[in-house]
Amino acid sequence: MSPYRSVFKDETKLDINYVPYRLPHRDRELRLLMEFFSFLLRTPEKMTQRVMITGDVGTGKTALSQRFGADITREAKKRGTNLRYIHVNCREYRGSLFLSLHHVVSIFHPNFPRRGYSAEELLGILLQILDEQKAYVVLTLDEFESLVEREGSDAVYKLTRLQEIRLNKPQRISLICILRSLKAIEQLDASARSTLQSNIIHLDRYSKQQLTDILNNRVSLAFKPLTVPEDTVSLTAELAFSENGNARFGIELLWRAGKYADAEDLDTVTPECVRKAVSSIYAVIRKSDVVSLRLHEKLFLLGIARFFKQNETAYVSLAEAEQAYAVVCEEFDVQPHSHTQLWKYLRTLSTLGIVKTEVSAAGLRGRSTCISLPRIPAYELEKELSNLLQKERS
Amino acid sequence: MNIEDFFSSKVRMKILKILSEVGELNISGIARRLGVNYGTTNKHLKILENEGIVQHKRFGRIRIYRLNEYSPKTKAIQNLLEVWER
């Protein structure tokens, strides 16, 4: 087997973070977004805007917003306006307004301290920085649900209303909130809700034909010519369509299929490669969810995955998981965290849907927590986490 | 402050090294890296600021320090650090 032969021209074009120059079947929405924010190119200091983008997983919400961000920033630069597009995934910051805002501030001041002030003060600090730099920000809060869930109406109110009390000062921060459905904001109180719901862009699920166009577009960017037959794209589109029109699933599947083709030293990515890839992929748990876990959450999850790999049982007790975690910690040469911390990590993993926990009344010593991995093959998860942790270590 | 007094402090030299490495930092962050307490760090930062070598920006209760790039003394110290640490 030749180690240098590959069907890929540039596999980064299939990466979850890659934003294509052209977004097939989202032209109308992109134009609409540009229209909503066109004032930023004319009179940025006079007003701010709030837009919500809704749609199911893999409908292009994040890509649409990031494409818009790159386009409007480029346009603003041409006109001499200091406009920054900042994209924050709230889930990565555990839905915390403080941590999300700290991320924004640290773009301007990379070593900004993490302690000693509140989220509201941080918002004030951000406005001070923007005033000093005469800058404007389009702040995108992706996975907005997690922020609403954790912080509730107060945070939304602060974000949307703070600028209104800055009388006679330039407006600085516009918002794009990305969420799957408007249901998430129903729990907000009426005043917070009313500040958000004025402009809504809903992205419908992609049809099979639309998915085929999207995949063909990525194939031309990522693969060498004539390495991906029409049948392969069609099968991938079919599978992505059956996953609720999830384009991201299709793109990840394409990448995996390419990897299978390379591993078998094939000239083309055959439909069989796609079939192999689909049996190994776990679309229900997103790769980004695992990537965004903290070090000890990853180590704990790795312990759980290894337990299930070695034992043919459906459940692991918290005590057993703790033992497995301690072994993993030893392997990675880190001090294990306490039982209470692990309990918190377990809650996070459960909230993300990676593990499932049940409290059983079995045994004489009272209730114990049982953990299961309902939807991910332990083998896959272990491989993914080991790779991630090795990367982090190096 | 005369030059021999100025350069006689290990803490001050370390502060200058830290700020030239990381760009800007708050007092607690500098103190943590130095391994000395807040008060000592604050005292030396004030001396450095009086000499015009560092400057701070205030964000509410937080003061962020950085080297004063416009000061000839700072430039001279940066050159010295660069040559010395090369």
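If you're wondering where the values come from, they're calculated on a predicted model, not measured in any experiment.

> For this particular structure, what's the right way to read the overall build of chain B?
When helices and strands are counted, chain B shows five helices and three strands. In chain B, the order of α-helices and β-strands from amino to carboxyl end is α-α-β-α-α-β-β-α. The C-alpha atoms of chain B give 12 Å as radius of gyration, which agrees with the globular expectation for 86 residues (12 Å, within 12%). Overall, the C-alpha framework of chain B stretches about 35 × 25 × 25 Å when taken along its three principal axes. In chain B, of all internal contacts separated by at least 6 residues, the share reaching a separation of at least 24 is 43%. Carbon and sulfur atoms make up 51% of the accessible area of chain B, which totals about 5300 Å². Side-chain charges of chain B comprise 16 positive and 9 negative groups, with the mean position of each set lying 8 Å from the other.

> Please explain the packing of helix 9 (residues 230-242) of chain A against helix 10 (residues 247-263) of chain A as it appears in this structure.
Relative orientation and spacing of two packed helices are given, respectively, by the angle between their axes and the distance between those axes. Residue and element names in this part refer to chain A. One way to put it is that helix 9 packs onto helix 10 with a least axis distance of 8 Å and a crossing angle of 140°. The orientation of helix 9 with respect to helix 10, classified from their angle, is oblique. Seen along the crossing, helix 9 lies across helix 10 with a hand that is right-handed. Note on element contacts: helix 10 touches helix 9 through Phe-249, Gly-250, Leu-253 and Leu-254, opposite Thr-236, Leu-239 and Ala-240. Across the contact of helix 9 with helix 10, the residue classes tally to five nonpolar, two polar and no charged.

> Whenever I open this one, the sheet that holds strand 3 (residues 62-67) of chain B confuses me. Can you help?
By definition, the strands of a sheet pair up through backbone hydrogen bonds, in either a parallel or an antiparallel sense. Residues and elements named next belong to chain B. Taken in spatial order, the three strands make up an open sheet running 1-3-2, and their pairing is antiparallel. Edge strands, defined here as strands with exactly one partner in the open sheet, are strand 1 (24-26) and strand 2 (54-59). If you compare each strand with its neighbour and ignore which way they point, the axes differ by 30° on average. Summarising the sheet, strand 2 and strand 3 pair through six bridges and their orientation is antiparallel. Paired with Val-54 across the two strands is Leu-67, which belongs to strand 3.

> Got a minute to help me understand the nonpolar core in this structure?
One recurring pattern in soluble globular proteins is that nonpolar side chains are buried together. If you look at the biggest cluster of nonpolar residues, it comprises 43 residues, and the most contacted ones within it are A:Phe112, A:Leu139 and A:Phe144. Looking at this core, the elements that each hand over two or more residues are strand 2 (82-89), helix 4 (97-108), helix 5 (119-133), strand 3 (135-142), helix 6 (144-161), strand 4 (173-179) and helix 7 (190-196) of chain A together with strand 3 of chain B. Ignoring sequence-local partners within four residues, the contact set of A:Leu139 consists of A:Ile86, A:Val88, A:Val104, A:Ile173, A:Ser174, A:Leu175 and A:Ile176. Membership of the second largest hydrophobic core comes to 32 residues, among which are A:Phe300, A:Ala305, A:Phe308 and A:Val316.

> What is the right way to read the packing of helix 3 (residues 27-34) of chain B against helix 4 (residues 38-50) of chain B from this model?
Residues and elements named next belong to chain B. Packing of helix 3 against helix 4 brings their axes to within 9 Å, and their N-to-C directions diverge by 110°. Between helix 3 and helix 4, the interaxial angle falls into the category roughly perpendicular. In this structure, helix 3 contributes Ile-27, Ser-28, Ile-30, Ala-31 and Leu-34 to the contact, and helix 4 contributes Tyr-38, Thr-41, Asn-42 and Leu-45.

> Quick question: what am I supposed to make of the interface of chain A and chain B here?
Reports of interface size often rely on the accessible area that becomes lost once the parts have come together. With 13 residues of chain A at the interface, the matching set in chain B holds twelve residues. When the buried surface of chain A facing chain B is broken down by residue, A:His109, A:Asn111 and A:Pro113 rank first, second and third, together holding 47% of it. Where chain A packs against chain B, one counts two salt bridges. Our count for the contact surface shared by chain A and chain B stands at seven residue pairs in polar contact (both at pLDDT 80 or more). A per-element tally of the side of chain A that touches chain B places helix 5 of chain A first, with five residues. Among the residues making up the side of chain A that touches chain B, the classes are represented as seven nonpolar, four polar and two charged.

> Honestly, the confidence of the model for chain B in this entry has me stumped. Any pointers?
The predicted structure's coordinates, where accompanied by low pLDDT, should not be read in detail. Taken as a whole, chain B shows an average pLDDT of 93; of its residues, 100% reach a score of 70 or greater. By mean pLDDT, the top-scoring element of chain B is helix 4 of chain B (96), and the lowest-scoring one is helix 1 (residues 3-6) of chain B (87).

> Just to check I follow, could you spell out helix 2 (residues 10-22) of chain B for this structure?
Residue and element names in this part refer to chain B. For helix 2, built from 13 residues, the straight-helix expectation of 18 Å at 1.5 Å per residue is met to within 8% by its first-to-last C-alpha distance of 18 Å. Among all positions of helix 2, only Val-11, Arg-12, Met-13, Ile-15, Leu-16, Ile-18 and Leu-19 are buried. Between a side-chain oxygen at the N-terminus of helix 2 and the backbone nitrogen of Val-11 the separation is 3.3 Å; the capping residue is Ser-9. Phi turns positive, to about 90°, at Gly-23, one or two residues after helix 2.

> Please explain the pattern of salt bridges as it appears in this structure.
Here the structure, examined in full by the defined rule, presents 27 salt bridges over all chains. Two residues, A:Glu75 and A:Arg79, come together in a salt bridge whose shortest N-O distance is 3.9 Å. Given the relative accessible area of 23%, A:Glu75 is considered partly exposed. Across the pair B:Lys73 and B:Glu51 runs a salt bridge whose closest N-O atoms are separated by 2.8 Å. Taken together, the positions of B:Lys73 in helix 5 (residues 72-85) and B:Glu51 in the loop between helix 4 and strand 2 put the pair 22 residues apart, joining distant regions of the chain. Overlapping salt bridges, with partners in common, bring together A:Arg306, A:Lys309, A:Glu331 and A:Glu382 in one network.

Definitions and limits used
Residues numbered from 1 in each chain as written. Chains lettered and ligands numbered in written order. Predicted model: local features only at pLDDT ≥ 70, side-chain atom pairs only at ≥ 80, totals over all residues. Heavy atoms only, no water. Helix = DSSP H or I, 4+ residues; strand = E, 2+ residues; numbered from the N terminus. Rg over C-alpha atoms; globule rule 2.2 N^0.38 Å. Contact = heavy atoms within 4.5 Å. Areas by Shrake-Rupley, 256 points an atom, 1.4 Å probe, with all protein chains shown as cover. Lys, Arg positive; Asp, Glu negative; His and termini not counted. Charge placed at Lys NZ, Arg CZ, Asp CG, Glu CD. Axes fitted to C-alpha atoms, helices over the stretch in contact; angles between N-to-C directions. Parallel < 35°, antiparallel > 145°, perpendicular 65-115°, else oblique. Left-handed = near helix turned anticlockwise from the far one by under 90°. Nonpolar A, V, L, I, M, F, W, Y, C, P; charged D, E, K, R; others polar. Pairing = 2+ DSSP bridges. Core = buried A, V, L, I, M, F, W, Y, C linked by side-chain atoms within 4.5 Å. Buried < 20%, exposed > 50% of the residue type's maximum accessible area, 1.4 Å probe, protein only. Buried area = accessible area lost by both parts, 1.4 Å probe. Salt bridge = Lys/Arg side-chain N within 4 Å of Asp/Glu carboxyl O. Polar contact = N/O pair within 3.5 Å; in protein donor to acceptor, adjacent residues only side chain to side chain. pLDDT = per-residue confidence, 0-100. Expected span 1.5 Å × (residues − 1).

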